Amino acid sequence: MVFFSSNRRPLSRSAQPSQHWSQNHLCNLQRQIIASRSKRASQGFAMFTILLLMLTVLTTTISLHTRTTAGMFITSWQGKLRLARDAAENGLVISVSELNKPSNRMLLGSVPLDRWTTNNYNVSTDGNNVTVTVGNVIYPRPCIIWTEPWNQFVYKITQGALDMASINPPVRTVHDSDNGQYYRVLGIKLTKADRSPVSRSTETAAQNAVSYLTITVEGIYSLGTAPTTANPNPPNSVHYTVQQEYQLVPRCCRQIAYPVDTGSTANACDAVGLGGAYKPEWIARSTSQAGLFKTNQ
């Protein structure tokens, strides 16, 4: 039997505690390193989270501010646009009412549109030629109600009506409706029953059929500089244009019936047995078509 001897000697008792201390120190050092790394990682993640939250809050704040500002602008713009539209619609009602006044009802069927403001166009009235101008009466005597002498003044042509048709030169008077609202008539035009145009220089509304009258009115809203006839587009003003088409129906003066409603194709006065000096007049009624055109200048 062979025996081998070993040169390794067992550690002495004094060396064993030193080894254990070294191992424990290394373990503690590893734990500290791991803990330090974990702490730094946690701090970095927390910082990233905080930055992300701050960015989210900032983005949300800017978005809300932008939307609020845009909303206020849109609300303000829409409000001004609505006021301009209200002014246009109010002007439309006033304008058609002006043409429907007794003094102006014969204009559309007696005088071509382009001759309304020339002051040299004559209408035969009671055997005499009466110049179409403000204050003159183109109604014949049988068509005037003579209950009182002052009633003749009811039949005098008005400037408001004559201004509507003029295009050369254009007389687009700006009217003040108060509260920063204004309107002006941009023009009127006539068409026949088949919607073909009526010549502005030579033709008038039909005496035995329905014609169509189109009125275009611009509404203006301006709280700053007031628009004028010479300068209708002051800074920061808001504009809205309305166009309306009406039936233009002839009837014999002083009569209520409209012969065209019964299918008659005769002259409005002949259809009711009134000839001679009696003449037709024209009433704008029954909206046919409407158009709205938003503008801003």
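What comes next is a walk through the structure. Please read all numbers here as calculations on a predicted model, not as lab measurements.

## Concerning the nonpolar core
Reasoning step 1: In terms of nonpolar packing, the biggest core is built from 44 residues, with L107, W116, I188, L213 and I215 touching the most fellow members.
Reasoning step 2: At the level of secondary structure, the elements contributing two or more residues to this core comprise α1 (15-99), α2 (107-110), α3 (159-165), β4 (181-191), β5 (211-221), β6 (238-252) and β7 (280-295).
Reasoning step 3: When residues of this core are assigned to their parent elements, the largest contribution, six residues, is made by α1.
Reasoning step 4: Formed by six residues, the second largest nonpolar core is a distinct cluster that contains Y212, V249, Y258 and V260.

## Remarks on the state of the cysteines
Reasoning step 1: Applying the stated criterion across every chain yields a total of two disulfides.
Reasoning step 2: Disulfide pairing is shown between C143 and C253; the S-S distance is 1.9 Å. An S-S torsion of about -60° defines the bridge between C143 and C253 as left-handed. A residue pair is termed long-range when its members are at least 10 positions apart, and C143 in the loop between β2 (128-131) and α3 and C253 in the loop between β6 and β7 qualify at 110 residues.
Reasoning step 3: Judged by its relative accessible area of 1%, C143 is buried.

## So, the packing of aromatic side chains
For any pair of aromatic rings, the description consists of the separation of the ring centres together with the inter-plane angle of the planes.
Reasoning step 1: With the rule as written, the count across this model stands at one aromatic pair.
Reasoning step 2: Above the ring of Y212, the side-chain terminus of R195 is found at 3.7 Å from the ring centroid.
Reasoning step 3: Note that R285 overlies the ring of Y258, its terminal NZ or CZ placed 4.7 Å from the centroid.

## Here we look at the pairing of strand β3 (residues 175-178)
Reasoning step 1: Here β3 runs beside β4; their pairing, made up of three bridges, is antiparallel. Bridging from a neighbouring strand, H175 pairs with Y183 of β4.
Reasoning step 2: As consecutive antiparallel partners, β3 and β4 are separated by two residues, and within that stretch N179 has a phi angle of approximately 60°, a positive value.

## Side note on the side chain of N104
Reasoning step 1: In this structure, N104 sits in the loop between α1 and α2.
Reasoning step 2: On the accessibility criterion, N104 (1% relative accessible area) is buried.
Reasoning step 3: Within the structure, N104 has its side chain in polar contact with the backbone oxygen of E98 (distance 2.8 Å).
Reasoning step 4: If near-sequence neighbours (up to four positions away) are discounted, N104 is found in contact with E98, L99, I157, T158 and A161.

## Considering the side chain of E281
Reasoning step 1: Here E281 shows up in strand β7.
Reasoning step 2: Polar side-chain contacts of E281 include one of 2.7 Å to the side chain of Y139.
Reasoning step 3: Those residues within four positions of E281 in sequence are excluded, and the remaining contacts are R105, M106, Y139, V249, P250, R251, C252, C253 and R254.

## Remarks on the pattern of salt bridges
Reasoning step 1: Under the definition given, this model contains ten salt bridges.
Reasoning step 2: Note that E281 and R105 form a salt bridge whose closest N and O atoms lie 3.7 Å from each other. Placement of the pair is E281 in strand β7 and R105 in the loop between α1 and α2, with a sequence separation of 176 residues. Both residues of the pair, E281 and R105, count as buried.
Reasoning step 3: With a closest N to O distance of 2.7 Å, R285 and D261 form a salt bridge. Here the residue R285 occupies a position in strand β7, and D261 occupies one in the loop between β6 and β7, the gap between them amounting to 24 residues.

## Quick word on the environment of R172
Reasoning step 1: Here R172 shows up in the loop between α3 and β3.
Reasoning step 2: According to the relative accessible area criterion, R172 is partly exposed, its value standing at 34%.
Reasoning step 3: Taking the C-alpha atoms as reference, R172 lies 9.8 Å from V217; in sequence the two are 45 residues apart.
Reasoning step 4: When neighbours within four sequence positions are excluded, R172 is seen to be in contact with R184, V185, L186 and T229.

Cut-offs and rules
Residues numbered from 1 in each chain as written. Predicted model: local features only at pLDDT ≥ 70, side-chain atom pairs only at ≥ 80, totals over all residues. Heavy atoms only, no water. Core = buried A, V, L, I, M, F, W, Y, C linked by side-chain atoms within 4.5 Å. Buried < 20%, exposed > 50% of the residue type's maximum accessible area, 1.4 Å probe, protein only. Helix = DSSP H or I, 4+ residues; strand = E, 2+ residues; numbered from the N terminus. Disulfide = S-S within 2.5 Å. Phe/Tyr/Trp six-rings, centres within 6.5 Å; stacked < 30°, edge-to-face > 60°. Lys NZ or Arg CZ within 6 Å of the ring centre and 35° of its normal. Pairing = 2+ DSSP bridges. Polar contact = N/O pair within 3.5 Å; in protein donor to acceptor, adjacent residues only side chain to side chain. Contact = heavy atoms within 4.5 Å. Salt bridge = Lys/Arg side-chain N within 4 Å of Asp/Glu carboxyl O.

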